[in-house]
Amino acid sequence: MTSPPITLAADHAQHQSLATGTAGIAILHVERALTGRSSWGDAHRRIQQTARGPVDAGDHASLYFGAPALAFLLGIADADGRQRYAEPLAVLDGHVTRLAHRRVSAAMQRIDAGDDACFSEYDLFHGLVGMGALLLVRRPGSDVLAEVLGYLVRLTCPRRHTGGELPGWWVSHDPDPTLPTPGGHANFGMAHGTAGILALLALAARRGHVVNQHHEAIHQLANWFDHWRQDTSDGPWWPQWITRTELRAGHPAQQAPGRPSWCYGSTGITRALQLAAIATGDTARQRTAEHALLASLAHRNLARITEPGICHGLAGLYQAVYHAAHDSSDPALLQRLPALATALTCDATPQDRLDRGLLTGRAGVELVLDTARSGAPPHTGWDRCLLID
């Protein structure tokens with residue numbers, strides 16, 4: 001395995017993508033091998049395809065690409081304790097540790113300089129939230145995980161800017177090239193925003209990994225969601241992001257809820273809020289989050305979801321609701337799972353392409369359908385890359 005920096009050919013890069021490439025597809029085969037539904041030979045061939053050639057461990061590598069993605073894959077392949085990949089995992093863990101140290105150092109320097117953050121610095125797909133999710137699985141209790149958590153706690157601190165304060169996770173770029181946000185924006189979603197930061201801090205605290213000001217940061221982020229919560233007859237919802245104009249006005253320009261997806265919508269947000277409440281022992285906030293999640297499952301809200309995949313679709317919604325339901329003392333969420341499973345089964349046609357990978361392809365849908373059929377959490381814990389467990 002090659003140390004950074006390297007440049008990969010397009011096919012090698014695609015193999016190392018957890019989101020859309022071979023690495024994500026391999027997870028399906030590993031999960032089924034661990035449950036006896038397919039052979040280890042098939043799973044191993046997929047893993048070999050992912051790891052063939054140089055592995056990218058450059059500073060742009062992340063949970064969803066390169067050495068960290070491969071470490072996540074090999075780690076879940078050893079979820080049964082057989083240590084099939086112990087030697088390459090040790091090498092990968094070293095790369096991940098060094099990468100996380102470098103990225104935290106660069107992020108802290110950016111904060112000290114007073115510059116804006118960016119998705120690639122902190123988010124789940126590309127940044128330190130994703131690195132933290134991996135370290136929580138691979139190196140819980142380590143100094144490097146504590147460094148990442150300390151950075152995220154600092155990221156929650158407001159930053160003085162011309163005209164007032166901005167959230168620490170404020171970015172100067174647009175959420176999408178087709179969706180301009182003059183002056184930048186603050187993102188609310190699990191994939192790129194506040195919910196992802198909150199979910200990781202909550203999951204770490206729930207497992208006993210806490211740094212200075214950790215609970216204060218959780219409360220601050222939860223209060224942010226309280227402030228921007230929009231209550232309507234369809235239930236509560238949150239904007240996908242807010243611009244500087246909306247921040248000054250104190251209310252979003254978005255007039256109606258978007259789809260209740262895992263990546264940007266109320267499903268991901270309410271799961272993060274539920275996790276935060278559990279981590280801090282706040283039963284009232286937990287009930288509020290669960291009621292909000294239940295409201296998002298009303299037919300009118302579900303009709304906004306038009307695809308089966310994990311990122312934007314029913315599969316991601318189901319998997320998040322599955323974990324939320326099993327953390328709740330209220331049976332209402334659990335009672336919604338059969339109907340959601342039926343909807344997903346009907347929506348997931350054989351024409352959905354496996355080669356679109358974990359987040360938007362058939363592989364992710366099949367993994368979630370396995371959860372729905374068995375009624376049990378994944379043997380591999382693959383969905384920890386979604387920050388819902």
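Remember, predicted model here, so these are calculated numbers, not experimental data.

Undergrad: Explain the layout of surface pockets to me, and be specific about the residues and the numbers.
TA: Estimates place the volume of the largest pocket at around 200 Å³. Only α5 (86–113) and α6 (119–122) provide two or more residues apiece to the lining of the largest pocket. Ranked by residue count, the leading element in the lining of the largest pocket is α5, at four residues. When its residues are assigned to classes, the lining of the largest pocket shows four nonpolar, three polar and four charged.

Undergrad: Give a description of the nonpolar core that names residues and reports values.
TA: Grouped together as the largest cluster of nonpolar side chains are 128 residues, with contacts concentrated most on Leu-18, Tyr-64 and Trp-262. Top contributing element to this core by residue count: helix α9 (residues 194–206), with 10 residues. Those residues within four positions of Trp-262 in sequence are excluded, and the remaining contacts are Leu-124, Phe-125, Met-190, Thr-267, Gly-268, Ile-310, Cys-311, Gly-316, Leu-359, Leu-386 and Ile-388.

Undergrad: Account for the pattern of salt bridges, with residues named and values stated.
TA: If you walk through the whole model with that rule in mind, you get 21 salt bridges. Here Glu-366 ties to Arg-32 by a salt bridge, and the two come within 2.8 Å at their closest N and O atoms. Remark: Arg-32 occurs in helix α2 (residues 22–34) and Glu-366 occurs in helix α18 (residues 362–374); sequence separation between them is 334 residues. Assigned by exposure class, Glu-366 and Arg-32 land together as buried. With a closest N to O distance of 2.9 Å, Arg-271 and Asp-327 form a salt bridge. Placement of the pair is Arg-271 in helix α12 (residues 266–280) and Asp-327 in helix α15 (residues 314–327), with a sequence separation of 56 residues. In this structure Arg-271 comes out as buried when scored by relative accessible area, which is 0%. Among the residues examined, Asp-327 registers a relative accessible area of 22% and is labelled partly exposed. Salt bridges sharing partners connect three or more residues here, namely Arg-32, Arg-37, Arg-362, Glu-366, Asp-370 and Arg-373.

Undergrad: Please set out the packing of α2 against α18 residue by residue, giving values where relevant.
TA: At their nearest, the axes of α2 and α18 sit 8 Å apart, and the two run at 30° to each other. Overall, the two elements α2 and α18 adopt an arrangement that is roughly parallel. Once α2 is placed against α18, the crossing between them reads as left-handed. Judged by residue contacts, Gly-24, Ile-25, Ile-27, Leu-28, Glu-31 and Arg-32 of α2 engage Ala-363, Glu-366, Leu-367, Asp-370 and Arg-373 from α18. The residue inventory of the contact of α2 with α18, partitioned by class, reads five nonpolar, one polar and five charged.

Undergrad: So what's going on with the side chain of Glu-121? Which residues, and what values?
TA: Its place among the elements puts Glu-121 in helix α6. Look at Glu-121 and you get buried, because its relative accessible area is 11%. For Glu-121, the side chain forms a polar contact with the side chain of Arg-110, separated by 2.5 Å. When near neighbours in sequence (up to four residues on either side) are disregarded, Glu-121 contacts Arg-103, Ala-107, Arg-110, Gly-127, Leu-128, Tyr-151 and Leu-155.

Undergrad: Explain the environment of Arg-384 to me, and be specific about the residues and the numbers.
TA: One can find Arg-384 in the segment after α18. Sequence separation between Arg-384 and Phe-72 is 312 residues, and the spatial gap between their C-alpha atoms is 9.6 Å. Setting aside anything within four residues of it in sequence, one finds Arg-384 in contact with Ala-133, Val-137, Arg-207 and Asp-389.

Undergrad: Just give me the short version of unusual backbone geometry, but keep the residues and values in it.
TA: Excluding glycine, residues mostly have negative phi values, and the peptide bonds linking residues are mostly trans. Backbone geometry places Gln-83, a non-glycine residue, at a positive phi of 55°. On the secondary structure map, Gln-83 appears in the loop between α4 (67–77) and α5. For Leu-387, which is not glycine, the phi dihedral falls at a positive 60°. By secondary structure assignment, the location of Leu-387 is in the segment after α18.

Undergrad: I'd love a proper account of the side chain of Thr-22, names of residues and values included.
TA: Tracing the chain through its elements places Thr-22 in helix α2. Among the residues examined, Thr-22 registers a relative accessible area of 9% and is labelled buried. If we skip the residues at most four places from it in the chain, Thr-22 touches Gln-14, His-15, Ser-17, Arg-46, Gln-49 and Thr-50.

Undergrad: So what about the confidence of the model for the chain? Which residues, and what values?
TA: Per-residue confidence for the chain averages 93 on the pLDDT scale, and 95% of its residues sit at or above 70. Across residues 1–5, confidence stays below pLDDT 50; counting only partners more than four residues off in sequence or on other chains, it has 14 contacts.

Undergrad: Tell me about empty space enclosed by the protein, and name the residues and values.
TA: Sizing a probe to match a water molecule and rolling it over the atoms shows the empty space that remains. As enumerated under the stated definition, the model contains two cavities of 30 Å³ or more in all. Estimates place the volume of the largest cavity at around 140 Å³. Around the largest cavity, the lining comprises 17 residues; the ones closest to its centre are Trp-237, Pro-257, Gly-258, Arg-259 and Ser-266. Of the residues forming the lining of the largest cavity, the biggest block, three residues, is contributed by strand β5 (residues 235–237).

Thresholds, definitions, all that
For every chain, the first residue of the written sequence is number 1, and numbering continues from 1 onward in sequence order. Only residues with pLDDT of at least 70 are given local features in this predicted model, and only at 80 or more are side-chain atom pairs given and counted; all residues enter the totals for whole chains, interfaces and linings. Only hydrogens and water are set aside when side-chain values are computed; all heavy atoms of the structure are taken into account. Two kinds of site are reported from a 1 Å grid over the protein atoms alone, namely cavities, where a 1.4 Å probe fits but cannot get out, and pockets, open sets with protein on both sides within 12 Å along at least five of seven lines, and residues are called lining when an atom falls within 4 Å of a point. Grid points are joined across faces, edges and corners, and a volume is the space filled by probe spheres set on the points. Runs of H or I in DSSP of at least four residues are treated as helices and runs of E of at least two as strands, each being numbered from the N terminus. By the convention adopted, Pro, Cys, Tyr, Trp, Phe, Met, Ile, Leu, Val and Ala count as nonpolar, Lys, Arg, Asp and Glu as charged, and the other residues, Gly among them, as polar. In this text, buried Ala, Val, Leu, Ile, Met, Phe, Trp, Tyr and Cys residues form a nonpolar core when linked through side-chain atoms within 4.5 Å. The buried label goes to any residue with under 20% of its type's maximum accessible area, the exposed label to any with over 50%, and the partly exposed label to all in between, with areas taken from a 1.4 Å probe on protein chains only. Residue contacts are counted whenever heavy atoms from the two residues lie within 4.5 Å of one another. Every case where a carboxyl oxygen of Asp or Glu lies within 4 Å of a side-chain nitrogen of Lys or Arg is listed as a salt bridge. For helices, the fitted line uses only the C-alpha atoms of the stretch in contact; every axis is such a line through C-alpha atoms, and the angle between N-to-C directions lies from 0 to 180 degrees. For classification, angles of less than 35 degrees are called roughly parallel, those exceeding 145 degrees roughly antiparallel, those between 65 and 115 degrees roughly perpendicular, and all remaining angles oblique. In this scheme, a crossing is called left-handed if the near helix is turned counterclockwise away from the far one by less than a right angle; it is called right-handed if the turn is clockwise. Pairing of N or O atoms within 3.5 Å defines a polar contact, subject to two protein rules: one partner must be a possible hydrogen donor and the other a possible acceptor, and residues neighboring in sequence count only if both atoms are side-chain atoms. Every residue is assigned a pLDDT by the predictor, reflecting its confidence on a scale from 0 to 100.

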